[in-house]
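What the coordinates show
One-letter residues, chain by chain:
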Amino acid sequence: MIIKVTFGGSENDYIYCPDEVDIDIKEGFYNWIDHTDEKHPFIKYDEVEGMYKDYRGDAIVYWLNKHILKENQEKSSLIESFCRKKLKYNLLIEL
């Protein structure tokens, strides 16, 4: 399936995800990114902001592959990021 991820602007991310994933991807991703103690590249730090989350569709792909599809041979992948094109999709996630 193809997932379109919107971030409130005109540029979207498109993700390929195997069809057998049958979970609430948005809720699962938010639970992970907001409550994990895992070190991952989507938590940043600077002296002004302190710690903050910095992610796009690549973080969803990371989470899907590492936690949901870890036993699957077929993995999720980022098709396009910061995309203004209108591509066909099966699922819309608004973040």
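Cut-offs used in this document
- Residues numbered from 1 in each chain as written.
- Predicted model: local features only at pLDDT ≥ 70, side-chain atom pairs only at ≥ 80, totals over all residues.
- Heavy atoms only, no water.
- Pairing = 2+ DSSP bridges.
- Helix = DSSP H or I, 4+ residues; strand = E, 2+ residues; numbered from the N terminus.
- pLDDT = per-residue confidence, 0-100.
- Buried < 20%, exposed > 50% of the residue type's maximum accessible area, 1.4 Å probe, protein only.
- Arc of directions from axis to C-beta.
- Contact = heavy atoms within 4.5 Å.
- Polar contact = N/O pair within 3.5 Å; in protein donor to acceptor, adjacent residues only side chain to side chain.

Pairing of strand β3 (residues 43-46) with strand β4 (residues 50-53) involves four bridges; the strand directions are antiparallel. Along β4, the bridge assignment pairs D46 with G50.

Chain-level pLDDT for the chain is 93 on average; 100% of the residues reach the 70-or-more range. Within the chain, the element-level pLDDT minimum falls on β4, averaging 87, and the maximum on strand β2 (residues 12-16), averaging 97.

Here we take up helix α1 (residues 25-35). Looking at α1, one finds that the buried residues are I25, F29, W32 and I33. Within α1, the buried residues cover an arc of 90 degrees as seen down the axis, which keeps them to one side. Residues of α1 that are buried make contact with β1 (2-6), β4, α2 (57-68) and β6 (91-94). A distance of 3.3 Å separates the backbone nitrogen of K26 from a side-chain oxygen at the start of α1, and that oxygen is part of D24.

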